[in-house]
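What the coordinates show
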Amino acid sequence: MSMRYCGLLLVLSYSLIGCSSVTTANHQLPDPTPLFIDNAFNYQSQPVETEEDIFALPDDVVRDMEQMVRPLPGAKEKTDALLNYIFFLKGKRLNYDNAATLTARETLRMQQANCLSLTVLSYSLAKAADLTVAFQDVQIPEYWTQIRGASLLNGHVNLKVKELQSPSTYGSTWFKNPGYVIDFDLETNKSHFPVRTISQPEIVSMFYANKSAQAMLEQNFNLAYAYLRQALTLYSVASDALNNLAILYRQTGYLEEAEAVYLHGISLHPKSINMKANLAVLYRFRGMEEKAQWYERQVEDLRLANPYYHVMLGHEAMRDSQISKAEQSFQHALALEPTLTEAMAGLATLYFQQGRLEQSEKYLKLAGRHAQSLRDKERFNAKLDALMTLQAKL
């Protein structure tokens, strides 16, 4: 499944990354109706947030933006004030939670968010503060999160605040680069992955796709379908929603319908490794070996060059008690990316489970040294302290 998760820290950065705009203004989007099988799901009564619900702010928060932020002189000062408002309002701190796909109101109330929720909240506050902003989709490599035995493919989004200059002597206005990026993920920004500017319908469709993935993990297939139907009705070419709809159909036994959605999605997104890989899994499940192998060959070379793919293979091998394979996968990931803390943490866990405590200590130290966020450093150091205490008792 696809979800818009992200890292652990907030960053205000002066972005030098170029943006490519994707627009469908002059192109009619395909009709998603043929993809739906409404009679298979009881979706009409399921609670799905409207677009207005997602971005709405409490009246007192809008007043705060108008009184505290709007009067400030420039985009940098306004963005600083906005971030301070989000993260330190009344002594509370906004915390990262990768499962917290929340509306702007919910994020303020619960003080937790993932990258998508932070982007939604920041957008709403920025508009109330009279800032000019753009949603950005960060083109990170394929990366998976393991939740309840399922592999969820991560995406990443953030919000760019543009610096708007005052009118010149010629009466025109212009945007000054660099701008300011509001983001949880320090590592993503440092790595300078390419980004593309995306529209509000795309962000909303991502919100619905996240919600559908959470519903599927909870076996609430009617709610998952309601979210995906809404996502594709709003933005019919949304790759996350198409992928999740096909997975939903596969999980509920509608295999031919799942195949049709995958093929449609691949026709729209021919570079989607994830959809091709999932379609190969479907074909193999159905005993269609030749078709499965054809798609597997398409994705193999690209995935083998991605260190995060080997981390996922390592976790899967650990789950299946394939110790040697797990070790090889984590080591292969480090050969491709020597500072990849996910691979180091995987090896530390693997060696700890085997009682190889010195090696586990070695990789915990490495992970702590290379961790990009303070929270990750603290997490690895806490595990290291616990390990050393255990060793002292032996």
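Only a predicted model underlies this, so the values are computations on that prediction, with no experimental measurement involved.

Looking now at the overall build of the chain. Helix and strand content of the chain: 17 helices and 11 strands. Counting only residues that meet the buried cut, the chain has 49% of its 394 residues in that class. When contacts within the chain are restricted to residue pairs at least 6 apart in sequence, long-range pairs at least 24 apart make up 68% of them. As displayed, the chain offers around 18900 Å² of accessible surface, 51% of which is attributable to carbon and sulfur atoms.

Further remarks concern helix H2 (residues 59-69). Buried residues of H2: Val61, Met65 and Val69, and no others. The arc that holds the buried residues of H2, viewed along the axis, is 50°, so those residues lie on one side. When the buried face of H2 is taken as reference, the exposed residues oriented beyond 90 degrees from it are Asp59 and Gln67. In the core, the buried residues of H2 are packed alongside helix H3 (75-88), helix H4 (104-110) and helix H5 (115-128).

Inspection of every chain in the model, using the stated rule, returns 13 aromatic pairs. Summarising the aromatic geometry, the rings of Phe41 and Tyr249 are spaced 6.3 Å apart at their centres and angled 20° between planes, so their arrangement reads as stacked. Note that Phe41 is positioned in the loop between strand S3 (19-21) and helix H1 (51-55) and Tyr249 in helix H9 (residues 239-251), a separation of 208 residues in sequence. Grouping residues by exposure puts Phe41 and Tyr249 together as buried. Residues Phe41 and Tyr254 carry aromatic rings whose centres are separated by 6.2 Å and whose planes lie at 50° to one another, so their mutual orientation is tilted. Residue Phe41 is found in the loop between S3 and H1, and its partner Tyr254 is found in the loop between H9 and helix H10 (255-268); the two are separated by 213 residues along the sequence. Relative accessible area serves as the criterion here: at 7%, Phe41 is assigned to the buried category.

Before going further, it helps to examine the nonpolar core. Among the nonpolar cores identified, the biggest contains 79 residues, and Leu125, Ile203, Leu245 and Leu248 are the most heavily contacted of them. Among all residues touching Ile203, those that are not within four sequence positions of it are Phe55, Leu116, Thr119, Val120, Phe135, Val157 and Ile198. Core analysis: the second largest hydrophobic core is formed by 24 residues, Tyr308, Ala348, Tyr351 and Leu387 among them.

Attention shifts here to the pairing of strand S6 (residues 132-138). Across the seven residues that make up S6, a large majority, six, are buried. Here S6 runs beside strand S11 (residues 195-198); their pairing, made up of four bridges, is antiparallel. Among the inter-strand pairings, Phe135 is bridged to a residue of S11, identified as Ile198.

Mean pLDDT for the chain: 83, with 82% of residues reaching 70 or above. Counting interchain partners and residues more than four positions distant, the pLDDT-below-50 stretch residues 5-26 has 84 contacts. Taken together, the stretch residues 166-175 has pLDDT below 50 and engages in 12 contacts with residues farther than four places along the chain or on a different chain.

Before going further, it helps to examine the pattern of salt bridges. Tallied over the full model, the rule gives 11 salt bridges. Where Arg319 meets Asp320, a salt bridge forms, and the shortest distance between an N and an O atom there is 3.6 Å. The closest approach of N and O atoms between Glu327 and Arg356, which form a salt bridge, is 3.8 Å. Pair noted here: Glu327 is in helix H14 (residues 323-336) and Arg356 is in the loop between helix H15 (341-353) and helix H16 (357-370), with a separation of 29 residues, a long-range link.

Let us now look at the packing of H5 against helix H7 (residues 200-217). It is at 11 Å that the axes of H5 and H7 come closest, and there the two elements cross at 140°. Judged by the angle between their axes, H5 and H7 are oblique. Seen from above, H5 lies across H7 with left-handed handedness. Across from Leu116, Thr119, Val120 and Tyr123 in H5, the residues of H7 making contact are Gln200, Ile203, Met206, Phe207 and Asn210. Grouping the amino acids of the contact of H5 with H7 by side-chain chemistry returns six nonpolar, three polar and no charged.

Right, let's talk about the packing of H7 against helix H8 (residues 221-234) for a bit. As a packed pair, H7 and H8 sit with axes 8 Å apart at the nearest point and diverge in direction by 165°. If you check the angle between H7 and H8, you find them roughly antiparallel. Where H7 crosses over H8, the handedness of that crossing is left-handed. Along the contact surface, H7 presents Pro201, Val204, Ser205, Tyr208, Ala209, Lys211, Ser212, Ala215 and Met216, while H8 presents Phe221, Leu223, Ala224, Tyr227, Leu228, Gln230, Ala231 and Leu234.

Along the chain, Ser117 turns up in helix H5. Given a relative accessible area of 0%, Ser117 falls into the buried group. In this structure the side chain of Ser117 is engaged in a polar contact, spanning 2.7 Å, whose partner is the backbone nitrogen of Leu102. Excluding residues within four positions of it along the chain, Ser117 makes contact with Ala100, Thr101, Leu102 and Thr107.

Among the secondary structure elements, Gln328 is positioned in helix H14. The exposure class of Gln328 is exposed, given its relative accessible area of 53%. Between the C-alpha atom of Gln328 and that of Ala317, which follows or precedes it by 11 residues, the distance is 9.8 Å.

Attention shifts here to H10. With 14 residues, H10 extends 20 Å from end C-alpha to end C-alpha; this agrees with the ideal 20 Å at 1.5 Å per step. Three or more residues of H10 are buried, namely Ala258, Glu259, Val261, Tyr262, Gly265 and Ile266. Taken end-on, H10 shows its buried residues confined to a sector of 165°, consistent with a single buried face. Those residues of H10 that are exposed and aimed more than 90 degrees away from the buried face are Glu256 and Ser267. The elements touched by buried residues of H10 are H9, helix H11 (273-285) and helix H12 (289-304).

Procedures and definitions
- Here the residue index of a chain counts from 1 through its sequence in written order.
- The predicted nature of this model means local features are confined to residues of pLDDT at least 70 and side-chain atom pairs, given and counted, to a pLDDT of 80 or more, with totals for whole chains, interfaces and linings taken over all residues.
- Neither water nor hydrogens contribute to the side-chain values; these are computed over all heavy atoms in the structure.
- Under the scheme used here, helices are H or I runs from DSSP no shorter than 4 residues and strands are E runs no shorter than 2 residues, and both carry numbers assigned from the N terminus.
- When a residue's accessible area, from a 1.4 Å probe over protein chains only, is under 20% of the maximum for its type it is buried; when over 50% it is exposed; and in between it is partly exposed.
- Only heavy atoms matter for contacts: two residues are in contact if any of them lie within 4.5 Å across the pair.
- For every accessible area listed, the method is Shrake-Rupley and the probe measures 1.4 Å; residues are considered covered only by the protein chains on display.
- To be clear, the arc concerns the directions from the helix axis to the C-beta atoms.
- Only centres within 6.5 Å qualify two rings of Phe, Tyr or Trp (six-membered ring in Trp) as a pair; their planes then separate them into stacked at under 30 degrees, edge-to-face at over 60, and tilted for everything else.
- What we call a nonpolar core is a set of buried Ala, Val, Leu, Ile, Met, Phe, Trp, Tyr and Cys residues that are connected through their side-chain atoms within 4.5 Å.
- At least two DSSP bridges between two strands are needed for those strands to be called paired.
- The predictor's confidence in any single residue is recorded as pLDDT, a number from 0 to 100.
- Any carboxyl oxygen of Asp or Glu within 4 Å of a side-chain nitrogen of Lys or Arg constitutes a salt bridge here.
- Every angle, taken between N-to-C directions, lies between 0 and 180 degrees, and every axis is a line fitted to C-alpha atoms, over only the stretch in contact when it is a helix.
- The cut-offs work like this: below 35 degrees is roughly parallel, past 145 is roughly antiparallel, 65 to 115 is roughly perpendicular, and the gaps in between are oblique.
- By convention the crossing between two helices is left-handed if the near helix lies anticlockwise of the far one by an angle smaller than a right angle, and right-handed if it lies clockwise.
- Following the grouping adopted for this structure description, the nonpolar residues are Ala, Val, Leu, Ile, Met, Phe, Trp, Tyr, Cys and Pro, the charged ones are Asp, Glu, Lys and Arg, and the polar ones are all others, Gly among them.
- Polar contacts, as used here, are pairs of N or O atoms within 3.5 Å; protein pairs need one atom able to donate a hydrogen and one able to accept it. Residues neighboring in sequence count only if both atoms are side-chain atoms.
- Between the first and last residue of a helix there are one fewer steps than residues, each counted as 1.5 Å, and that sum is the expected span.

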